[in-house]
Amino acid sequence: MKNETKFVTAGRNDKWTNGVVNPSVTRASTVVFNTVDEMNNAVANRFNQTMVYGRRGTTTAFAFSEAMTELEGGAGCALYPSGTAAITNAILAFVSAGDHILMVDTAYEPTRDYCDKILAKMGIETTYYDPLIGADIEGLIQDNTRLVFLESPGSITMEVQDVPTISRIAHQHGCIVMLDNTWGAGVNFKPFDYGVDVSVQAATKYIVGHSDVMLGTATATEEYWPQLRDNSYLMGQCTSPDDLYLALRGIRTLGVRLKQHQENALKVAHWLQTREEVASILHPAFASCPGHEFFKRDFNGSNGLFSFVLNRGDKQSIKAFLDGLSHFKMGYSWGGFESLILGISNVSSLRSATQWSSQYPLVRVHIGLENVDELIEDLAKGFDRLNSALAK
Ligand SMILES: *Cc1c(COP(=O)(O)O)cnc(C)c1O
C-alpha cells in the first residue's frame, strides 16, 4: 500500500471503529469482566490488543499504535505522553549500569540533558559523536557500548546522517541502533529500511500536526519490540485516548500537510538563498546542508523545518528582525500548521564533539501552511529592520 492510502486507512480496523469511520475514544481505568474465564483470557491476551486495564491501553491506543506501525514499519509501537518520554524510556529499556552509549552531537537538547543528568547518575556513560562521522563511528565503540543514538537531520543545524553505514557498523559490534525520526515523521524517512532497530518520534510535531497535543512514539523491530513494550509498561507510560484520537486524525492529513509544508519551505529557502544577509541555507534538500548527499539517497522528501545562518547581526538587530514579524511567532516547537521562528545565537553551547564556526545568529524556521508570498514579505521586512538596526 502506498503512503497516501495508508494515511487514510491506518488503524481503521473494524475492531476499533464499531462501524463508523473513525476509531472511538475509549476512556478507561477499569476494564470489567463477568467471569473468571473472561478475565483470565484477557490477561493471557494482554500483548494482543486486548483491554485488561487502562494503563495497558484501550482500543483507541491500539488503533493509534497499529497506525504508527503501519506508517513507520517495525513490529509494534509503544506510546508515551511526550516525545521526550519516548526518547528517555526507549533508551532506558536497553541500557544498564556500566553501559556506554554513543549519542549524536546534534541531538535535541533535552536528549543531551537526559544523558548528562540522568543516565550519568545511573552509571551509564555517554560519548558524543560528530553527526557526519559515518564509518569512523567504529573508533568510538567500546566493549561496553550498548546503543548508538542518531537524530537525522540534527536539531537546529540539520546535519543529515549516513544512517545505513552507522547502523551496519553498530550492528557488527552488537549495538542497538536508535533514531529520533521526528523530522522524517515516518513518511520521508523509513528507518527500518536503513538498519534502525528502534525509531522514536515526537508525535507532538507532524503526526498531531495542530500544536495541541503532546505525544511520543517508539517503534521497534521484531527483535526489540518485546523488550521495549515491557519496559514501557513497567515504567507506567500511558497516554490519553482523547490525545490519541487527535493524533489519529492528524495522520489522515499528514501526507497533504507535509507536501504543502515542503513546497512552501522550499520556496522560502530558495528566496532566502538570494538574500545578501544569508550566509548559508541549512535545509537538507540544499547542497549547502551537511550530509545533503544522504538526504538525496535516503529520504522521500522534506517538510517545513529548516535553518539558515546570517552573515551579520547582533542581539539588538536580530531582536528587531524577530519582534516585528506578523506571521511568524516564536515558539519551541514545530510540525503544526502555523509558521514559527527562532533566533539562536548560542549554537556552540549545544554541542561538544564538533565546532560551530559562525559568530552570527542562526535562524530556524518552521514554514507553515499560510500563503507563502505573505511569509516571504514578512521576512523581507524583517531583513529591512535588521539592516536598519545595524546601521544605527
Ligand atoms: C520536539 C522534539 C522532541 C521532543 O518532543 P516533545 O513531545 O516536545 O517532548 C524530540 N525530538 C525532536 C527532534 C523534537 O523536535
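Model, not experiment: these values are computed from the prediction.

About the cut-offs
Residues numbered from 1 in each chain as written. Predicted model: local features only at pLDDT ≥ 70, side-chain atom pairs only at ≥ 80, totals over all residues. Heavy atoms only, no water. Helix = DSSP H or I, 4+ residues; strand = E, 2+ residues; numbered from the N terminus. Contact = heavy atoms within 4.5 Å. Domains from an automatic or database assignment. Buried area = accessible area lost by both parts, 1.4 Å probe. Polar contact = N/O pair within 3.5 Å; in protein donor to acceptor, adjacent residues only side chain to side chain. Nonpolar A, V, L, I, M, F, W, Y, C, P; charged D, E, K, R; others polar. Expected span 1.5 Å × (residues − 1). Pairing = 2+ DSSP bridges. Axes fitted to C-alpha atoms, helices over the stretch in contact; angles between N-to-C directions. Buried < 20%, exposed > 50% of the residue type's maximum accessible area, 1.4 Å probe, protein only. Salt bridge = Lys/Arg side-chain N within 4 Å of Asp/Glu carboxyl O. Near = heavy atom within 4 Å. Areas by Shrake-Rupley, 256 points an atom, 1.4 Å probe, with all protein chains shown as cover. Phe/Tyr/Trp six-rings, centres within 6.5 Å; stacked < 30°, edge-to-face > 60°.

## Observations concerning the environment of L215
Secondary-structure assignment places L215 in the loop between β6 (198–202) and β7 (216–220). If sequence neighbours within four positions are ignored, L215 has contacts with F64, Y80, P81, S82, G83, Q201, A202, A203, T204, T239, L244 and A247.

## Thoughts on the domain arrangement of the protein chain
Along its sequence, the protein chain is organised into domain 1 (3–252) and domain 2 (254–391). The C-alpha centroid of domain 2 is placed 28 Å from the C-alpha centroid of domain 1. With 40 residues of domain 1 at the contact, the number on the domain 2 side is 41 residues. Roughly 3400 Å² is buried in total at the junction of domain 1 and domain 2, and carbon and sulfur atoms are behind 61% of that figure. A per-residue breakdown of the area domain 1 buries against domain 2 is headed by I156, W183 and Y206, which together make up 25% of the total. At the boundary of domain 1 and domain 2, one finds 24 residue pairs in polar contact (both at pLDDT 80 or more). For the side of domain 1 that touches domain 2, the secondary structure elements donating two or more residues are α1 (3–9), α6 (109–119), β3 (125–129) and α9 (241–252). Sort the elements by how many residues they give to the side of domain 1 that touches domain 2 and α9 lands first, with three residues. Along the lines of polarity and charge, the residues of the side of domain 1 that touches domain 2 split into 20 nonpolar, 10 polar and 10 charged.

## A closer look at helix α4 (residues 59–72)
If you check α4, its first and last C-alpha atoms are 20 Å apart, about what 14 residues at 1.5 Å a residue would give, namely 20 Å. Immediately beyond the C-terminal end of α4, within one or two residues, lies G73, with a positive phi of roughly 95°.

## Some words on the sheet that holds strand β1 (residues 76–80)
Ordered in space as β1-β7-β6-β5-β4-β2-β3, the seven strands form an open sheet in which the pairing is mixed. Edge positions in the open sheet fall to β1 and β3, since each of these has one partner strand only. Here the average twist between neighbouring strands, direction ignored, is 20°. Note: strand β2 (residues 100–104) against β3, five bridges, orientation parallel. In the sheet register, V104 faces β3, and the bridge partner there is Y129. This element, α4, spans β1, β6 and β7 of the sheet and lies at about 125° to β1. Packed on one face of the sheet, helix α8 (residues 225–234) meets β1, β6 and β7 and runs near 20° to β1.

## A closer look at the side chain of T204
Relative to the helices and strands, T204 resides in the loop between β6 and β7. We classify T204 as buried; its relative accessible area is 9%. Polar contacts involving the side chain of T204 include one to the main-chain amide nitrogen of L215, which spans 2.9 Å. Leaving out residues up to four positions away in the same chain, T204 has contacts with G83, G209, V213, M214 and L215.

## Focus on the sheet that holds strand β9 (residues 305–310)
Strand order across the open sheet formed by five strands is β8-β9-β12-β11-β10, with mixed pairing between neighbours. Looking along the sheet, the strands with just one partner apiece sit at the ends: β8 (278–282) and β10 (329–330). As paired elements, β9 and strand β12 (residues 362–366) share five bridges and run antiparallel to each other. The residue of β12 that forms the bridge with F306 is V365. Strand contacts of helix α10 (residues 254–273): β8, β9 and β12, with the helix running at about 10° to β9, the strand carrying the most contacts.

## As for the pattern of salt bridges
Under the definition given, this model contains 12 salt bridges. In this structure, the salt-bridge partner of D162 is R297, at a minimum N-O distance of 2.7 Å. You can see D162 sitting in the loop between β4 (145–151) and α7 (163–172) and its partner R297 sitting in helix α11 (residues 292–298), a full 135 residues away along the chain. Taking relative accessible area as the criterion, D162 reaches 10% and is therefore assigned buried. D323 is the salt-bridge partner of K319, the closest N and O atoms lying 3.1 Å from each other. Here the residue K319 and the residue D323 both occupy positions in helix α12 (residues 315–323), the gap between them amounting to four residues, near one helical turn. Overall, K319 belongs to the partly exposed group, its relative accessible area being 45%. Given a relative accessible area of 48%, D323 falls into the partly exposed group.

## What to know about the site of the ligand
Around the ligand, the surrounding shell holds 14 residues, and the nearest of these are G83, T84, D180, T204 and K205. Here D180 contributes a side-chain N or O atom positioned 2.6 Å from a nitrogen atom of the ligand. W334 has a polar side-chain atom sitting 3.1 Å from an oxygen atom of the ligand. Within the complex, 92% of the 380 Å² of free accessible area of the ligand lies under protein. Per-element accounting of the shell around the ligand gives the leading share, three residues, to helix α5 (residues 83–92).

## A look at the packing of aromatic side chains
On inspection of all chains with the given rule, the structure shows 10 aromatic pairs. Taking 5.8 Å as the distance between ring centres and 70° as the angle between the ring planes, the aromatic pair formed by W183 and F299 counts as edge-to-face. Note that W183 is positioned in the loop between β5 (176–180) and β6 and F299 in the loop between α11 and β9, a separation of 116 residues in sequence. With respect to burial, W183 and F299 carry one shared label: buried. Consider the rings of F189 and Y194, whose centres lie 4.9 Å apart with planes at 20°: the pair is stacked. You can call F189 buried: its relative accessible area is 1%.

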